[in-house]
Amino acid sequence: RNVVVFRDLPSATFAEVLSASDIYARPTLVDGDAVAIREAGFLGKQVIASTAARRPVGVVTFPPRSVDVCREAIWKVIEDPGAGRLMDASRDSLG
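Treat the numbers as computed from the prediction; the structure is a model and nothing was measured. (Residues numbered from 1 in each chain as written. Predicted model: local features only at pLDDT ≥ 70, side-chain atom pairs only at ≥ 80, totals over all residues. Heavy atoms only, no water.)

J.: Go over the overall build of the chain, please, and point to the residues and values.
T.: Tallying secondary structure elements over the chain gives three helices and three strands in all. For 95 residues, the compact-globule estimate of 2.2 N^0.38 gives 12 Å, and the C-alpha radius of gyration of the chain, at 12 Å, lies within 12% of that figure. Over its C-alpha atoms, taken along the principal directions, the chain stretches across nearly 35 × 30 × 25 Å. Of all 95 residues assigned to the chain, the portion counted as buried reaches 34%. Once local pairs closer than 6 in sequence are excluded, the contacts in the chain between residues at least 24 apart make up 52%. (Helix = DSSP H or I, 4+ residues; strand = E, 2+ residues; numbered from the N terminus. Rg over C-alpha atoms; globule rule 2.2 N^0.38 Å. Buried < 20%, exposed > 50% of the residue type's maximum accessible area, 1.4 Å probe, protein only. Contact = heavy atoms within 4.5 Å.)

If you want it as structure tokens, here you go:
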């Protein structure tokens, strides 16, 4: 099991990395309606994200700055292939 952290990738590089990934994590402190979460959902990726903003239904969430809960969320999606799958990646599916 490998974890690689990327920041501030150009759009084309981000798309390549996301396509090759199993899980998309978005541990932000402040956020808006993140298109990247929806892109990950459309690609069938498991998604975990902080509760810094409303998230689409199905995203495994954790409070910002909660390292232990974030770690638990990561293990949850690793151990359960169905966890973190977006029910609907449209803009109207916020939980």
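J.: Describe the sheet that holds strand β2 (residues 46-50), listing the residues and the values that go with them.
T.: In spatial order, the strands read β1-β2-β3; together these three strands make up an open sheet with parallel pairing. Two strands lie at the open edges of the sheet, namely β1 (23-26) and β3 (60-62), each paired on one side alone. Strand-to-strand, the axes of this sheet are offset by a mean angle of 15 degrees, without reference to chain direction. Here four bridges tie β1 to β2, and the two strands are oriented parallel to one another. Its bridge partner lying in β2, Arg-26 is registered against Ala-49. Packed onto the sheet, helix α3 (residues 67-79) meets β1, β2 and β3 and runs at close to 170 degrees relative to β3. (Pairing = 2+ DSSP bridges. Axes fitted to C-alpha atoms, helices over the stretch in contact; angles between N-to-C directions.)

J.: Describe unusual backbone geometry, naming the residues involved and giving the relevant values.
T.: In this structure, Asp-8 is a non-glycine residue whose phi angle is positive, near 50 degrees. By secondary structure assignment, the location of Asp-8 is in the segment before α1 (11-20). You will see that Arg-65, though not glycine, has its phi angle at about 70 degrees, which is positive. Considering the arrangement of structural elements, one finds Arg-65 in the loop between β3 and α3. A relative accessible area of 70% places Arg-65 in the exposed class.

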